[in-house]
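# Breakdown of the fold
Listed below, chain by chain, are the residues.
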Amino acid sequence: MRITRADAVGPEARLSWLLAGVAGMIGAAAFLDSQGYFVTFMTGNTERAALQGFGTTKDRGIIGPTALNAGFLIVAFVAGVAVAMYCRRRFWSNHPHGTTVLTTIGLFVAGAMDLALNGFDANDVTYVPIIIVAFSVGALNAAFVKNGEVSIPLSYVTGTLVKLGQGIERHARGGGTVYDWLGYALLYAGFIGGAVVGGIIGTFVGGGYVLFAAAALCGVTTLVTFFHTDRKTILG
């Protein structure tokens, strides 16, 4: 399939870079201020769940707390995608801002729950709020849908890099253009940029407050999504 300039760097693509940055920001902030849980890296969670009991974790048993924790995060992530897709079909057809609203609400709920469970002086985000964060990131991945299918998985960095390598090869052999890989490179860059922002937030803000900070930035992104994309659809 030939990738056009509009596909690679058009308005929807530019919005995807921003939302990929949001995914990276949430993932980095949650990772730094929790006990090392992944909310974007489901490949890592799957391997963590499957390999618990091997190597250095052998003394914990094959089905130990770490394996179950990783498994619950995967379930929460998938549930977030499923709920957001249902809402897209039922309420938010062609409106990406709906999923960012769901993500923003989820982050605020997670932050409030962490403060309620651990108080206002805790330095780390505990496990239960992280489950809600994983749900929220899953929901964010349903922002871009075409023909009933997710067209741009925002936190799926491995898939983005696979597409990037494929596009580079196609361009290098003369079978494509720079747009075959540029969009994926910029999507990846957006995720990295968001992760850096999340790292900065996680360095200066701790506990449930880091989730409130992430929620506030996600809320700003919701406004950007609405006024630059959804508002045009509604008024057009």
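Keep in mind the model is a prediction, meaning the values are calculated, not measured. (Residues numbered from 1 in each chain as written. Predicted model: local features only at pLDDT ≥ 70, side-chain atom pairs only at ≥ 80, totals over all residues. Heavy atoms only, no water.)

### Concerning the overall build of the protein chain
Using the following cut-off: Working definition: helices are DSSP H or I runs of at least four residues, strands are E runs of at least two. Numbering for both runs from the N terminus. Note on classification: 1.4 Å probe, protein chains only; a residue is buried when its accessible area is under 20% of the maximum for its type, exposed when over 50%, partly exposed between these limits. Throughout, a residue-residue contact means that at least one pair of heavy atoms, one from each residue, lies within 4.5 Å.
When you go through the protein chain residue by residue, the secondary structure sums to nine helices and two strands. Listing each helix as α and each strand as β along the protein chain from the N terminus yields α-α-α-α-α-α-β-β-α-α-α. Counting only residues that meet the buried cut, the protein chain has 45% of its 236 residues in that class. Long-range pairs, those at least 24 residues apart, make up 71% of the contacts in the protein chain with a sequence separation of at least 6.

### Examining the pattern of salt bridges
Going by this rule: The working definition used for a salt bridge is a side-chain nitrogen of Lys or Arg within 4 Å of a carboxyl oxygen of Asp or Glu.
With the rule as written, the count across this model stands at three salt bridges. The salt bridge involving Lys146 is made with Glu12; its shortest N-O contact spans 3.6 Å. Separated by 134 residues along the polypeptide, Lys146 in strand S1 (residues 145-146) and Glu12 in helix H2 (residues 11-32) bring together distant segments of the chain. Exposure remark for Glu12: the relative accessible area of 36% places this residue in the partly exposed category. Among the ionic pairs, Asp180 bridges to Arg170, the shortest N-O distance being 2.8 Å. With Asp180 in helix H8 (residues 179-204) and Arg170 in helix H7 (residues 157-172), this pair connects stretches of sequence that are ten residues apart. By the burial criterion, Asp180 is buried, and Arg170 matches it.

### Quick word on the packing of aromatic side chains
Defined as follows: Two rings from Phe, Tyr or Trp (for Trp, the six-membered ring) form a pair when their centres sit within 6.5 Å of each other. Planes less than 30 degrees apart are called stacked, planes more than 60 degrees apart edge-to-face, and all others tilted.
Enumeration according to the criterion identifies four aromatic pairs in this entry. Here Tyr86 and Phe91 contribute two aromatic rings whose centre-to-centre distance is 6.5 Å and whose plane-to-plane angle is 85°, an arrangement assigned as edge-to-face. For Tyr86, a relative accessible area of 47% corresponds to the partly exposed category. Phe91 sits in the exposed class, given a relative accessible area of 54%. Note on Phe108 and Phe212: the rings are 5.9 Å apart at their centroids and 45° apart in plane angle, and the pair reads as tilted. With a gap of 104 residues between them, Phe108 in helix H5 (residues 97-118) and Phe212 in helix H9 (residues 208-235) connect regions that are remote in the sequence. Of the residues examined, Phe212 reaches a relative accessible area of 23% and is grouped as partly exposed. Through a chain of ring-to-ring contacts, three or more aromatic side chains come together here, namely Phe31, Phe38 and Phe41.

### Description of the nonpolar core
In summary, soluble globular proteins display a tendency toward joint burial of nonpolar side chains. Filter applied, for reference: Definition of nonpolar core: a set of buried residues of the types Ala, Val, Leu, Ile, Met, Phe, Trp, Tyr and Cys, connected through side-chain atoms within 4.5 Å.
Among the nonpolar cores identified, the biggest contains 42 residues, and Ile26, Val39, Val133 and Leu154 are the most heavily contacted of them. For this core, the elements supplying multiple residues, two or more each, are helix H1 (5-9), H2, helix H4 (65-90), H5, helix H6 (127-140), H8 and H9. The leading source of residues in this core is H2, at eleven residues. Not counting chain neighbours up to four residues away, the residues in contact with Val39 comprise Ile26, Gly27, Ala30, Phe77, Ile130, Val133, Ala134 and Val137. Within the second largest apolar cluster, seven residues are counted, among which are Ala84, Met85, Leu102 and Ala142.

### Here we look at the UniProt feature "transmembrane region" (unreviewed entry) in the protein chain
Where we set the bar: UniProt positions are given in the numbering used here, feature names are shortened, and annotations may be inferred rather than shown by experiment.
When the UniProt feature table is mapped onto this chain numbering, "transmembrane region" (unreviewed entry) sits at residues 12-32, 67-87, 99-120, 126-145, 181-201 and 207-227. Structurally, residues 12-32 comprises 100% helix and 0% strand, and the distance from its first C-alpha atom to its last is 30 Å. Within the segment residues 99-120, helix and strand shares are 91% and 0% respectively, and the terminal C-alpha atoms sit 29 Å apart.

### Remarks on unusual backbone geometry
Non-glycine residue Asn147 carries a positive phi angle of around 55°. Along the chain, Asn147 falls in the loop between S1 and strand S2 (149-150).

### Quick notes on the side chain of Asn141
Let me state the cut-off plainly: Whenever a nitrogen or oxygen atom comes within 3.5 Å of another N or O atom, the pair is scored as a polar contact, on the condition that within protein one atom can donate a hydrogen and the other can accept it, and that pairs from neighbouring residues in sequence are kept only if both atoms are in side chains.
By secondary structure assignment, the location of Asn141 is in the loop between H6 and S1. Within polar-contact distance, the side chain of Asn141 engages the side chain of Ser155 at 3.0 Å. Not counting chain neighbours up to four residues away, the residues in contact with Asn141 comprise Phe77, Val150, Ile152, Pro153, Leu154, Ser155 and Tyr156.

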